[in-house]
Amino acid sequence: MKTLFIITGVNRGLGEAIYNEITQLNAVVFAISRRFNKQQATNKNTIHWEKDLTNLQEKELDKYLKSIYSKYETIVYINNAATINPIGEVGSFTEKDIKNIYSLNTITPALLSNHIVKNTKENQKVVFLNISSGAAKRPIAGWSLYNSTKAANEMFYNCINNKNITVLNINPGVIDTGMQDIIRNSDMPDVSNFIKLQKENKLQDPKTAAIKILNELYENSHIIRHTR
Ligand SMILES: NC(=O)c1ccc[n+]([C@@H]2O[C@H](COP(=O)([O-])OP(=O)(O)OC[C@H]3O[C@@H](n4cnc5c(N)ncnc54)[C@H](OP(=O)(O)O)[C@@H]3O)[C@@H](O)[C@H]2O)c1
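Quick caveat: nothing in here was measured; it's all calculated off a predicted structure.

Bringing the pairing of strand S4 (residues 74-79) into the picture now. Among the 6 residues in S4, 6 count as buried, and that is most of the element. Here S4 shows no split at all, with Thr74, Val76 and Ile78 on one side and Ile75, Tyr77 and Asn79 on the other all buried. Summarising the sheet, strand S1 (residues 3-8) and S4 pair through 5 bridges and their orientation is parallel. Bridged to Thr3 within S4 is Thr74. In this structure, S4 lies alongside strand S5 (residues 125-131), joined through 6 bridges in parallel fashion. Bridge pairing in S5 links Tyr77 to Phe128. Taken together, S4, helix H5 (residues 95-118) and S5 form a β-α-β motif whose crossover is right-handed.

Enumeration according to the criterion identifies 7 salt bridges in this entry. The partner of Lys118 in a salt bridge is Glu58, and the shortest N-O contact between them spans 2.8 Å. Separated by 60 residues along the polypeptide, Lys118 in helix H5 and Glu58 in helix H3 (residues 58-64) bring together distant segments of the chain. For Lys202, the salt bridge identified is with Glu200, shortest N-O distance 2.8 Å. Overall, Lys202 belongs to the partly exposed group, its relative accessible area being 49%. For Glu200, a relative accessible area of 39% corresponds to the partly exposed category.

In total, this model carries 7 aromatic pairs according to the counting rule given. Taking the centre distance of 5.5 Å and the plane angle of 35 degrees together, the rings of Trp143 and Phe194 count as tilted. Pair noted here: Trp143 is in the loop between S5 and helix H6 (144-158) and Phe194 is in helix H8 (residues 191-199), with a separation of 51 residues, a long-range link. By relative accessible area, Phe194 is classed as buried at 8%. Connected via pairs of aromatic rings, a cluster forms that spans Tyr77, Phe128, Phe156 and Tyr157.

Here the focus is unusual backbone geometry. A cis amide bond, omega 0 degrees, links Asn85 with the succeeding residue Pro86. With respect to the helices and strands, the residue Pro86 is situated in the loop between S4 and H5. For Asn201, which is not glycine, the phi torsion reads 60 degrees and is therefore positive. Inspection of the secondary structure puts Asn201 in the loop between H8 and helix H9 (206-220). A relative accessible area of 70% places Asn201 in the exposed class.

Each value, and the rule that gives it
Residues numbered from 1 in each chain as written. Predicted model: local features only at pLDDT ≥ 70, side-chain atom pairs only at ≥ 80, totals over all residues. Heavy atoms only, no water. Buried < 20%, exposed > 50% of the residue type's maximum accessible area, 1.4 Å probe, protein only. Helix = DSSP H or I, 4+ residues; strand = E, 2+ residues; numbered from the N terminus. Pairing = 2+ DSSP bridges. Right-handed = clockwise from strand over helix to strand, strands pointing away. Salt bridge = Lys/Arg side-chain N within 4 Å of Asp/Glu carboxyl O. Phe/Tyr/Trp six-rings, centres within 6.5 Å; stacked < 30°, edge-to-face > 60°.

Structure, rendered in structure tokens:
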């Protein structure tokens with residue numbers, strides 16, 4: 001069973017950990033990232049696309065991805081790349097801030113998902129694994145932009161009604177990544193709770209979170225786990 005994993009934002013954080021787990025199992029990964037570390041850049045099972053995902057164009061997807069889908073029976077798209085910036089009250093954002101976060105977090109996954117379904121056939125299976133967040137459901141002061149992008153993504157995927165598509169919205173819980181660093185250094189009202197989470201060692205390491213997410217993927221879709 002040939003499966004292609006498309007993953008966004010693989011150079012650090014949770015995306016890097018998911019990428020590491022998947023490539024260790026010799027699966028083929030189409031990685032879309034602004035940067036790649038040395039190991040990733042030389043990985044033979046990785047197709048690389050260096051791309052800033054705040055300005056994705058459908059014609060670029062046609063150029064880099066369209067001809068690849070047909071080689072695989074299953075396409076798994078892991079929507080990982082996201083930003084929490086800017087944190088702040090409404091009224092404090094610039095036009096650029098607003099457009100960037102919606103483009104990266106929400107327009108990009110909608111464009112990519114739409115492109116995958118548009119360009120795959122009835123006999124191919126598609127899995128959308130959306131890395132979501134508790135923020136998709138719970139309002140947090142200062143996180144208007146981030147929470148609304150995460151909520152929009154969940155609803156986008158939950159409205160899909162197609163027997164060839166499996167949707168998984170997974171909230172990974174709090175993870176020790178750059179995103180938590182940004183939160184701890186922000187002046188949001190609830191910042192002390194996030195500082196406390198780190199002090200009390202309550203952040204998961206990215207590898208543990210990645211393994212949990214991939215276990216959920218294999219349990220809830222027809223994909224056969226690759227073996228080493
Ligand atoms: N950390 C948590 O506690 C937590 C909790 C719940 C959900 N999540 C979710 O988990 C996912 C991964 O987050 P993380 O914690 O690993 O965050 P992170 O450490 O900040 O990493 C974010 C990833 O997104 C990429 N990215 C950012 N801006 C980009 C752009 N313009 N174009 C392309 N790629 C870009 C980054 O690459 P660059 O190095 O190029 O910026 C990086 O690979 C996100 O969807 C997040 O919402 C995280």
